[in-house]
Amino acid sequence: MQSFNFKKLTSDAATAFNRAVQYTEEKLGSAEKTELDAQFENLSERADKTKIWTEKILKQTESVLQPNPNIRLEEFVYNKLEKLDPSVKRPAEKETNHEILGVSLVGAGYDIGPGTAYGTALIKCGETEQRIGHAEKECMHKVHSHFLIPLRTFLDGDMKTIQKERKILETKRLDLDACKNRLRKAKSQESHTNAEAELRIAQSDFDRQTEITKLLLEGVSSAHANHLRCLNDYVEAEMFYYGRSYEMMQSLQKDLSRFCRRNSIQRWTLT
C-alpha cells in the first residue's frame, strides 16, 4: 500500500510539473496550444457574461430592496449562519420607512387631536403609509423568493459546476499538449511508442471532458429561460406594489381634499 501511494504521489507530482512547464512555455510562445472550436468559445463567452451580469443584477436588486448597507450586511451574515446552523434565529423583521413614517403620523394625529381636521388628516396619512409599508414588504418577499433566490441558486449551483469543469478541461488540455510536445521531441523508437500511447489517452480524456463541459455550457440557455420567468415575476411584484400604492394614495388624496374643503367652509362660516 505504501509503495502504491508513493508511486501515485510521484506520478501526480510529475503530471503537475509537466502542466506547469507546458503553461510556462505557452506563455513564452515556445509551445503550441490546442484551441477549442469557435462554438465552444462562444458558449464560454456567453457563460462568462451571464455570470458577471447575474452577479451585478443580484447585487443591485438587493440594494434597491434594502438601501441600508448595514442592514444588508446583517442579513448576509444571518443567511450564512442559517446555512451552518438552521436553528439560528434572526431578529424580527424590521419596519420599512413607510411604516415608520406612518407610526409617527398617526401618533401626531392623536396627540394634536383626532377631532380636528389636521389631526384626522395626519391619522389618515399615517394609516395609508403603514398600508403602503405592508405592501412594500409583500413585494420584497415575492422579489426575494421568485427572483433573488433563483439567481443566487444558479450562481451557487450551475455556474460553480461550469467553472469547476472548465478548470478540469484546462488541465486536460495542458496534459494533451504536453503529450504532443513529448511526442515531437521523442528520439528513440521506444520513447516515441510510449509518447503515442500517452497521447491517445490524453486525447481521449480531453475529448470526454470537452463534451461534458460543452453540455453544461449549452445548459445556460435553460438558465436564461428560467431567469426570464423570474424577471417577469419580479416585474409583476413591483407592478402590483406600485399599483396598490397608487390606489391608496389616490384614495387618500380624495379624503384630504374633502377635509380641506370642509375646513375652509367652517373657517368661512366662523368669519
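Before any of the text, the structure's been laid out above.
The structure contained in this document is the topic of the report that follows. (Residues numbered from 1 in each chain as written. Predicted model: local features only at pLDDT ≥ 70, side-chain atom pairs only at ≥ 80, totals over all residues. Heavy atoms only, no water.)

### Let's talk about the overall build of the chain
And step 1. Helices and strands together make up the secondary structure of the chain, namely seven helices and zero strands.
And step 2. Tracing the chain from N to C terminus, the helices and strands come up as α-α-α-α-α-α-α.
And step 3. The contacts of the chain with a sequence gap of at least 6 include a subset with a gap of at least 24, amounting to 75%.
And step 4. Counting every atom, the chain has about 18,300 Å² of accessible surface; 58% of that belongs to carbon and sulfur. (Helix = DSSP H or I, 4+ residues; strand = E, 2+ residues; numbered from the N terminus. Contact = heavy atoms within 4.5 Å. Areas by Shrake-Rupley, 256 points an atom, 1.4 Å probe, with all protein chains shown as cover.)

### Some thoughts on the packing of helix α2 (residues 38–65) against helix α6 (residues 189–218)
And step 1. The N-to-C vectors of α2 and α6 enclose an angle of 50°; their axes lie 9 Å apart at closest approach. On the basis of their axis angle, the class for α2 and α6 is oblique. Relative to α6, the crossing made by α2 is left-handed. From α2, Q39, F40, L43, S44, R46 and A47 reach across to α6, where they touch T210, T213, K214, L217 and E218.
And step 2. Split by residue class, the contact of α2 with α6 holds four nonpolar, four polar and three charged. (Axes fitted to C-alpha atoms, helices over the stretch in contact; angles between N-to-C directions. Parallel < 35°, antiparallel > 145°, perpendicular 65-115°, else oblique. Left-handed = near helix turned anticlockwise from the far one by under 90°. Nonpolar A, V, L, I, M, F, W, Y, C, P; charged D, E, K, R; others polar.)

### Considering α6
And step 1. In this model, α6 (30 residues) spans 43 Å end to end at C-alpha, consistent with the 44 Å of a helix rising 1.5 Å per residue.
And step 2. Where α6 is concerned, the buried positions are A195, L199, A202, F206, Q209, T210, T213, K214 and L217. (Expected span 1.5 Å × (residues − 1). Buried < 20%, exposed > 50% of the residue type's maximum accessible area, 1.4 Å probe, protein only.)

### A look at the environment of L105
And step 1. Along the chain, the position of L105 falls in helix α4 (residues 97–112).
And step 2. Between the C-alpha atom of L105 and that of I123, which follows or precedes it by 18 residues, the distance is 6.1 Å.
And step 3. Each residue touching L105, except ones within four places of it in the same chain, is listed here: L122, I123, C125, G126 and E129.

### Notes on the nonpolar core
And step 1. Counting residues in each nonpolar core, the largest one holds 32 residues, and the members touching the most others are V143, F147, L148 and L217.
And step 2. For this core, the elements supplying multiple residues, two or more each, are α2, α5 (117–185), α6 and α7 (220–270).
And step 3. Top contributing element to this core by residue count: α5, with 15 residues.
And step 4. Not counting residues within four places of it along the chain, the set of residues in contact with L217 comprises F40, L43, S44, R46, A47, I162 and R166. (Core = buried A, V, L, I, M, F, W, Y, C linked by side-chain atoms within 4.5 Å.)

### Here's the deal with α2
And step 1. Taking 1.5 Å per residue, 28 residues should reach 40 Å; α2 reaches 40 Å between its end C-alpha atoms and fits that length.
And step 2. All of the buried residues in α2 are F40, L43, S44, A47, T50, T54, L58, T61 and L65.
And step 3. Its side-chain oxygen at 3.1 Å from the backbone nitrogen of Q39, D37 defines the N-terminal cap of α2. (Polar contact = N/O pair within 3.5 Å; in protein donor to acceptor, adjacent residues only side chain to side chain.)

### Thoughts on the pattern of salt bridges
And step 1. Here the structure, examined in full by the defined rule, presents 12 salt bridges.
And step 2. Of the charged contacts, one joins R208 and D205 as a salt bridge, the two residues approaching to 2.7 Å between their closest N and O atoms. Of this pair, R208 and D205 both sit in helix α6, three residues apart, which is roughly one turn of that helix.
And step 3. Taking relative accessible area as the criterion, R208 reaches 46% and is therefore assigned partly exposed.
And step 4. Taken together, the shared-partner salt bridges in this structure form one network comprising K124, D255 and R258. (Salt bridge = Lys/Arg side-chain N within 4 Å of Asp/Glu carboxyl O.)

### With respect to the state of the cysteines
And step 1. With the rule as written, the count across this model stands at zero disulfides.
And step 2. Left without a disulfide partner, C260 is nearest to the cysteine sulfur of C125, which lies 9.7 Å away. (Disulfide = S-S within 2.5 Å.)

### Comments concerning the packing of α2 against α5
And step 1. Where α2 contacts α5, the two axes come as close as 10 Å, and the packing angle between them is 150°. Between α2 and α5, the interaxial angle falls into the category roughly antiparallel. Two packed elements cross with a definite hand, and for α2 against α5 that hand is left-handed.
And step 2. Taken together, the residues that form the contact of α2 with α5 break down as 14 nonpolar, five polar and six charged.

### Regarding a nonpolar patch on the surface
And step 1. The grouping of I52, W53 and I57 at the surface amounts to a nonpolar patch, some 310 Å² of accessible area in total.
And step 2. Here I52 shows up in helix α2. (Patch = residues over 30% accessible without salt bridge, like charges linked within 9 Å, V, L, I, M, F, W, Y side chains within 5 Å.)

Distances and angles like these do not, on their own, reveal function.
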